[in-house]
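# Observations on the three-dimensional arrangement
Next come the chains, spelled out residue by residue.
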Amino acid sequence: MRVNLPIFEGPLDMLLYLIKKNEFDIFDIPISQITQEYLEYLDAMEKLNMEIATEFIVMAVKLLQIKVMMLLREESEEETEDPRKDLVSTLIFYQAFKEVADFLLSREILNRDVFLKPPEKRSVEEEVWTELSPSDLMLLMKDILKRMKKPSVHEVEIEKVSVVEKIKFIIEKTTEKKTIPFEELVEGVQSIMHLIAFILAILELMRLQIIKVVQMRPFGKIMIYRTEKKFDEEILKGIDEYGERGAQESN
Amino acid sequence: MNMEREELRKVIEGLIFVSDEPVNEKTFQKVFGDSIDLSTIRGILEELKLEYSSPLHGFELVEVAGGYQFRTKKELGEWIRKLEKFQPQRFSRSAMEVLSIIAYKQPVTRAEIEAMRGGIDSSGALKTLLLKKLIKISGRKHDAPGRPFTYSTTRKFLEVFGLKDLSDLPPIEEFMKREEGKEG
């Protein structure tokens, strides 16, 4: 016998299938017949090396139990409850929930059939920015320092870090594009010295009103925003590079 | 504030338009205060619903999850789905079965759900539904051993399936009667 096995969601699904296939009355299921077929299906599944879940076995036991009780009931003369009662009620509810599932799937489902205007996504210019103060920036630095990987080996190394260079870097980055995310700016910064130099450079440019540091909503992205004010290289001459005169540096 | 009805209609339309979520009566009351009574607002909402149901419009005003929202019409679906940003909702059969049971039996425990499905392990389906935010853990069943969690549907469930509220679901008997009808 070739059995074309449908995929069953579980034993109830299989029983409903068998009831429908045989056109049985769900309120008067011929238990021995359905048990027989149920077991045949399990057998076929096993032969196909399909894994039979425990709940299928549990149901098989339940069906056999009902079958026995039906036989006992036939022999006894007392009026007893139909042993199929619980199973029938379970099947009817399960059938109903399957219909509910079909009903739900037939609805106009959001993002399948019907769609919404997506939530607001404003462009950078229109976004409501909060300007950050130097003290906000200090807090931010603390945060970055915390996140920075601490080197496992400590090497004492004299690094030459130039604030002027950082200023030039920021100016260069903000000339083409008016804004640059702070994260992008300090990306790849390995040492604390470099980070401090960046912060000093930002502070200096903030003081000169050449840039603004802005943030959209608390904990949002921090952006460096170039103002309309002209950047004059002369300004660099006034910057004190850790005791050196920054302007004397050549690159 | 004394507003002409026409003016009010425009404002209501605009309020719904800018909102990311269904706009409920409370929101309208908050915006208008006591100056405009609810029956006027309701009347206008009905008017707008009617107006947008016209075949001239690509979207309509629907009542969903206790509020009002503009949604595109179903017949536009095949076009809108061409836009990559919309990833279609997909539901497995088992997830839908579990969701259906929760919708009608909430708050309901996992064991109760599984019993109703003939003992099928439903943890995977529950997890999927929780991730999709269609259901939530709503509490615990105190009189059951181990005080298991109970599950209920969410507001998002109403939004996704376009239901005004839970009473918008047909009574479960209707689904049972249908079966009887088929048999007879």
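Parameters and conventions
- All residue numbers here refer to positions counted from 1 along the written sequence of the relevant chain.
- Here the convention is simple: chains get letters from A, ligands get numbers from 1, in the order in which they are written.
- Per-residue local features are limited, in this predicted model, to residues with pLDDT of at least 70; the limit for side-chain atom pairs, both in listing and counting, is 80 or more; totals at the level of whole chains, interfaces and linings are taken over all residues.
- Segments assigned H or I by DSSP are reported as helices when at least four residues long, segments assigned E as strands when at least two residues long, and all are numbered from the N terminus.
- Partly exposed residues are those whose C-beta has more than 12 but fewer than 20 other C-beta atoms within 10 Å; 20 or more makes a residue buried and 12 or fewer makes it exposed, with C-beta atoms placed from the backbone.
- We call two residues in contact when their backbone-placed C-beta atoms lie within 7 Å.
- Expected span, for any helix, means 1.5 Å times one less than how many residues it has.
- Arc, as used here, means the arc of the directions from the helix axis to the C-beta atoms.
- Here, strands pair whenever DSSP counts at least two bridges between them.
- Lines are fitted to the C-alpha atoms to define the axes, a helix being fitted only along its stretch in contact, and any angle between axes, read from their N-to-C directions, falls within 0 to 180 degrees.
- Gly falls in the polar group here, along with every residue not listed as nonpolar (Ala, Val, Leu, Ile, Met, Phe, Trp, Tyr, Cys, Pro) or charged (Asp, Glu, Lys, Arg).
- Oblique is the label for any angle not covered by the other classes, which are roughly parallel (under 35 degrees), roughly antiparallel (over 145) and roughly perpendicular (65 to 115).
- In this usage, the nonpolar core is the set of buried Ala, Val, Leu, Ile, Met, Phe, Trp, Tyr and Cys residues whose C-beta atoms join them within 7 Å.
- Two helices that cross are described as forming a left-handed crossing if the nearer one is turned anticlockwise from the farther one by less than a right angle, and a right-handed crossing if clockwise.
- The predictor attaches a confidence to each residue, and that confidence, scored 0 to 100, is pLDDT.

This next bit is on the overall build of chain B. Per the secondary structure count, chain B includes nine helices and five strands. Its helices and strands in sequence order give chain B the pattern α-α-α-β-β-α-α-β-α-α-β-β-α-α, from N to C terminus. Classification of the 184 residues of chain B by burial places 28% in the buried group. Summarising the internal contacts of chain B: among those between residues at least 6 apart in sequence, 51% fall at separations of at least 24.

A count of helical and extended segments in chain A gives eight helices and six strands. Order of helices (α) and strands (β) in chain A, N terminus to C terminus: α-α-α-α-β-α-α-β-α-α-β-β-β-β. Counting across all 251 residues of chain A, residues that qualify as buried make up 21%. Long-range contacts, defined as pairs at least 24 residues apart, comprise 64% of the intrachain contacts of chain A with a sequence gap of at least 6.

All right, on to helix α2 (residues 31–47) of chain A then. For an α-helix, 3.6 residues make a turn, and residues three or four places apart therefore share a direction. Residue and element names in this part refer to chain A. Taking 1.5 Å per residue, 17 residues should reach 24 Å; α2 reaches 24 Å between its end C-alpha atoms and fits that length. Listed in full, the buried residues belonging to α2 are Ile 31, Ile 34, Thr 35 and Tyr 41. An end-on view of α2 places all buried positions within 125° of arc, on one side of the element. What points out from α2, more than 90 degrees from its buried face, is the exposed set Asp 43 and Lys 47.

The next subject is the sheet that holds strand β3 (residues 108–109) of chain B. Residues and elements named next belong to chain B. Reading across the sheet, the three strands line up as β3-β5-β4 and stay open at both edges, with antiparallel pairing between neighbours. Two strands lie at the open edges of the sheet, namely β3 and β4 (135–140), each paired on one side alone. Here β3 pairs with strand β5 (residues 149–153) via two bridges, running antiparallel. Bridge pairing in β5 links Thr 109 to Thr 150. Docked against the sheet, helix α5 (residues 93–105) engages β3, β4 and β5, running at close to 90° with respect to β5.

The next subject is the interface of chain B and chain A. Facing 36 residues of chain B, the contacting portion of chain A comprises 34 residues. Among the secondary structure elements, those contributing two or more residues to the side of chain B that touches chain A are β2 (67–72), α4 (77–80), α5, α8 (155–160) and α9 (172–183) of chain B. The leading source of residues in the side of chain B that touches chain A is α5(B), at nine residues. Tallied by class, residues from the side of chain B that touches chain A come to 17 nonpolar, nine polar and ten charged.

A few words now on helix α4 (residues 85–105) of chain A. For α4(A), with 21 residues, the first-to-last C-alpha span of 30 Å sits near the 30 Å given by 1.5 Å per residue. Burial in α4(A) covers these residues: Leu87(A), Leu91(A), Tyr94(A), Gln95(A), Ala96(A), Phe97(A), Lys98(A), Val100(A), Ala101(A) and Leu104(A).

Residue and element names in this part refer to chain B. The interhelical angle for the contact between α5 and helix α7 (residues 123–131), taken along N-to-C directions, is 80°, at an axis separation of 9 Å. By the angle between their directions, the pair α5 and α7 is classed as roughly perpendicular. Contacts between α5 and α7 pair Ser 94, Ala 95, Val 98 and Leu 99 from the former with Ala 125, Leu 126, Thr 128 and Leu 129 from the latter. Broken down by class, the residue content of the contact of α5 with α7 amounts to six nonpolar, two polar and no charged.

With 54 residues, the main nonpolar core has Val98(B), Leu99(B), Ile102(B) and Leu129(B) as its most contacted residues. With eight residues, the top contributor of residues to this core is α4(A). Beyond its immediate chain neighbours, meaning those up to four positions away, Ile102(B) contacts Val108(B), Ile113(B), Ile135(B), Tyr151(B), Ser152(B) and Thr153(B).

A few words now on the environment of Phe56(A). All names here are of chain A. Inspection of the secondary structure puts Phe 56 in helix α3 (residues 54–75). Its 21 C-beta neighbours within 10 Å are what place Phe 56 among the buried residues. Setting aside anything within four residues of it in sequence, one finds Phe 56 in contact with Pro 11 and Leu 42.

This brings us to the packing of helix α5 (residues 134–147) of chain A against helix α8 (residues 192–207) of chain A. All names here are of chain A. Running from N to C, α5 and α8 cross one another at 165°; their axes reach a closest spacing of 11 Å. Taken together, α5 and α8 sit at an angle that is classed as roughly antiparallel. Note on packing geometry: the crossing formed by α5 with α8 is right-handed. Here Pro 134, Leu 137, Met 141, Ile 144 and Leu 145 of α5 lie close against α8, whose contacting residues are Ile 192, Leu 195, Ile 199, Ile 202, Leu 203 and Met 206. Looking at the contact of α5 with α8 residue by residue, the classes come out as eleven nonpolar, no polar and no charged.

All names here are of chain B. Per-residue pLDDT for chain B has a mean of 89; in total, 93% of the residues score no lower than 70. Considering each helix and strand of chain B separately, the mean pLDDT is smallest for α9, with a value of 67, and largest for β3, with 97. Among the scores for the predicted complex, ipTM is 0.87 and pTM is 0.66.

With that settled, consider the confidence of the model for chain A. Low-pLDDT stretches of the model should not have their predicted coordinates read in fine detail. Residues and elements named next belong to chain A. The share of residues in chain A with pLDDT of 70 or more is 82%, and the mean pLDDT across the chain is 81. Mean pLDDT values for the elements of chain A range from 47 in strand β6 (residues 244–245) up to 95 in α4. Across residues 243–251, confidence stays below pLDDT 50; counting only partners more than four residues off in sequence or on other chains, it has ten contacts.

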